[in-house]
Amino acid sequence: SLSERESYLEPDAYQRVRAASVRREAFRGTDVRRRAPGNYFDEGTCARVIGALLKQLSEKLDAVRHAAGHCLEELLLLLDNDSSSTRVPFVPHRSILLEALNLQSTKNIPLSPLPPPGSDPNRGDRRAATDWASPAETFPLVMRAVNIDEFFEDIVSGVVISVGGLTKTVVTHSEAAFLEWTRALIESGAKTTLVKLGKVLLQLFDRHRRDGRVITPLLKTIETLLSHGRLDDILFDERCDFAVTLISKVRSEAKGCSDVKRLLAMTSVLIGLLQDKQRKPVMTQTLHFLMVLLAHRYPRVRRATAEQLYVKLLEEATAFITDDHCVFDEVSRLLLEVAWDKELDPPGNVRECRNRVSDLLGVNLSTEEREMKVRKKASTSLTTDTFQSYATLINDIK
């Protein structure tokens with residue numbers, strides 16, 4: 001009811017929050033447990049709030065990580081002035097989270113303004129020595145908290161953006177922490193967690209379909225995991241459909257995609273699936289998809305696919321080719337010598353060469369795929385009329 005909401009809402013909240021932000025201070029609200037007669041804050045709400053902050057703490061922007069880390073400190077460490085209990089109740093696995101983020105040693109320290117990113121965290125009365133804007137410090141701590149089930153998906157979703165990002169320092173430290181965590185999972189035999197990781201990665205394709213801001217880093221992260229063998233336990237398991245589902249998700253993203261960087265990332269993922277231990281159905285689907293990309297409308301995609309396929313052929317020829325050395329030599333020659341960035345039709349004849357490679361590898365392409373023509377944009381009526389008018393003018397002058 002309205003009366004219940006009024007007892008929960010802060011009076012003049014906008015002005016008070018704005019004034020606090022101008023002073024660069026945290027907003028001190030009234031304890032909702034004593035004001036609200038209803039259950040406005042429960043375990044689920046708390047888990048979502050903490051999870052959202054942990055996701056921001058895992059992402060690529062230094063300023064965002066810095067602010068998220070500061071907020072987590074305030075939520076997890078701040079005590080009420082007149083109570084020995086924590087201000088924010090219902091935090092899932094609170095002690096484990098505090099230990100993971102290295103926040104165990106400090107308690108009951110008064111609020112202090114948020115310092116700018118990159119400043120010395122030990123100056124003044126800051127409560128923790130962690131510089132949350134520093135990738136070298138933050139990502140190892142975050143990957144310790146990922147083992148808490150309630151925050152698993154949030155942290156993985158954030159780290160994926162960092163591992164597949166563009167900033168070198170962020171990529172280096174996030175990738176190192178992520179690979180170290182997956183290595184520990186493999187050594188401890190935690191296959192259930194690896195399966196859960198695979199499900200989260202696949203869910204991100206559905207949740208962010210056609211969103212290059214997420215899909216491109218996601219593809220790069222999967223390629224990194226594949227190249228380091230971190231997904232082998234679920235990749236080669238016949239009871240797990242991770243590889244088949246992954247190909248389906250990538251194919252869906254590739255359909256109608258005009259982002260060359262995203263297409264190149266897809267190619268790298270497909271190449272990573274070509275391994276000696278790979279199951280035959282997965283190999284068949286992967287090679288078929290690569291043959292389609294080998295005759296893609298974008299020359300850069302065709303050339304990159306041929307280059308990566310050639311390197312893979314040298315590394316693991318037995319993964320997708322027979323013991324026939326003549327076949328090996330011919331496929332290698334075509335991938336190496338054909339100018340794949342030339343025209344698909346004569347005089348480039350790239351499509352014809354692709355069909356030859358496909359036949360040698362035993363990949364069955366449909367008639368439409370073998371003869372598919374690149375559609376040329378029809379001239380607009382405006383352009384046609386302009387040229388016709390110009391030609392008429394010349395004839396009149398003559």
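Residues numbered from 1 in each chain as written. Predicted model: local features only at pLDDT ≥ 70, side-chain atom pairs only at ≥ 80, totals over all residues. Heavy atoms only, no water.

(A) Representation of the packing of helix H15 (residues 280–293) against helix H16 (residues 299–315) within the structure. At a closest axis distance of 8 Å, the pairing of H15 and H16 adopts a crossing angle of 140°. Accordingly, the angle class assigned to the pair H15 and H16 is oblique. In contact with Leu290, Met291 and Leu293 of H15, H16 contributes Val301, Arg302, Thr305 and Leu309. Along the lines of polarity and charge, the residues of the contact of H15 with H16 split into 5 nonpolar, 1 polar and 1 charged. (Axes fitted to C-alpha atoms, helices over the stretch in contact; angles between N-to-C directions. Helix = DSSP H or I, 4+ residues; strand = E, 2+ residues; numbered from the N terminus. Parallel < 35°, antiparallel > 145°, perpendicular 65-115°, else oblique. Contact = heavy atoms within 4.5 Å. Nonpolar A, V, L, I, M, F, W, Y, C, P; charged D, E, K, R; others polar.)

(B) Focus on the environment of Arg356. Relative to the helices and strands, Arg356 resides in helix H18 (residues 350–361). Arg356 sits in the partly exposed class, given a relative accessible area of 40%. Expressed as a C-alpha distance, the spacing of Arg356 and Val331, which sit 25 residues apart in the sequence, is 8.5 Å. (Buried < 20%, exposed > 50% of the residue type's maximum accessible area, 1.4 Å probe, protein only.)

(C) Main features of the side chain of Thr216. Among the structural elements, Thr216 can be located in helix H11 (residues 212–227). Judged by its relative accessible area of 11%, Thr216 is buried. Here the side chain of Thr216 touches Gly212 through a polar contact of 3.3 Å, landing on its backbone oxygen. Beyond its immediate sequence surroundings of up to four residues, Thr216 is in contact with Asp259 and Arg262. (Polar contact = N/O pair within 3.5 Å; in protein donor to acceptor, adjacent residues only side chain to side chain.)

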